[in-house]
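# Residue-level structure breakdown
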Amino acid sequence: MKRGKFQASNNGDFRNAVTLDSIIDAPDDYYNEIQLELKNEYRFIRYWGKDLLRFNIAELAFYNNASSEPLKGKIIGTKGTQPLENAFDGNLLTYVNAEGVPDQWVGLDLGRPTQISKIVYAPRTDKNHVIPGHLYELFYWDNEWISLGQKEAAEAYLGYENVPSNCLLFLKNHTEGKEERIFTYENGQQVWW
């Protein structure tokens, strides 16, 4: 998603579009939030991958200060290999995807100019990351898997104390998912095996 942009306009063809934010670094695997302080209202808003030859987005939502619910509108955009609706379905495992074709985008026609105060988005993912509200258990290997205890994630990360060094680790998600891999923790980094 690096180099992707969020744009708004009052023209359906995005003529005179305003770039609200650009993705400079790789986004987090989970939801990413962009706070906006816009003076103008806009009818059309989109995520645009102008130079991206691999266009992917799992979730996209726009908000204004008047409601905690995402703004609703007609889904618009270029046709990718997956339906545009996937960006707004609330499911991290579905996504909009287009490969090998630049200038792809997905967004909303809000029906009338609207104040936009926040963008929330998630990249394409297999949900192989820590998800708030899920129950996890960390194990280490010492001739058998030994549990370091279960924890419910409050954030998109977990913290464990007294983890032995120089050992194989295994994190089990008890809430959902079956894709699990062993890893080590070296020089402050997780290394997958």
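Our subject is the structure that appears above.
Residues numbered from 1 in each chain as written. Predicted model: local features only at pLDDT ≥ 70, side-chain atom pairs only at ≥ 80, totals over all residues. Heavy atoms only, no water.

All right, on to the nonpolar core then. In globular proteins that are soluble, nonpolar side chains generally tend to be buried together. Ranked by size, the top nonpolar core spans 25 residues in total, and within it Phe6, Tyr47, Ile57, Leu60 and Ile119 carry the most contacts. Not counting the four nearest positions on each side in its chain, isoleucine 119 is found in contact with Phe6, Leu20, Asn32, Glu33, Ile34, Leu36, Leu60, Ala61 and Phe62. Listed in part, the 7 residues of the second largest apolar core include Tyr30, Ala122, Ile131 and Tyr136. (Core = buried A, V, L, I, M, F, W, Y, C linked by side-chain atoms within 4.5 Å. Buried < 20%, exposed > 50% of the residue type's maximum accessible area, 1.4 Å probe, protein only. Contact = heavy atoms within 4.5 Å.)

Throughout the structure, instances matching the rule amount to 9 aromatic pairs. Ring centres of phenylalanine 6 and tyrosine 47 lie 5.3 Å apart, and the angle between their planes is 45°; this geometry places the pair in the tilted category. Pair noted here: phenylalanine 6 is in strand E1 (residues 5-9) and tyrosine 47 is in strand E4 (residues 42-49), with a separation of 41 residues, a long-range link. Both residues of the pair, phenylalanine 6 and tyrosine 47, count as buried. Plain terms: the ring middles of tryptophan 145 and phenylalanine 170 are 5.4 Å apart, the flat faces sit at 40° to each other, and that makes the pair tilted. With tryptophan 145 in strand E12 (residues 145-152) and phenylalanine 170 in strand E13 (residues 169-173), the pair connects residues that are 25 residues apart, well separated along the chain. Classification of phenylalanine 170 by relative accessible area gives buried; the value is 18%. (Phe/Tyr/Trp six-rings, centres within 6.5 Å; stacked < 30°, edge-to-face > 60°. Helix = DSSP H or I, 4+ residues; strand = E, 2+ residues; numbered from the N terminus.)

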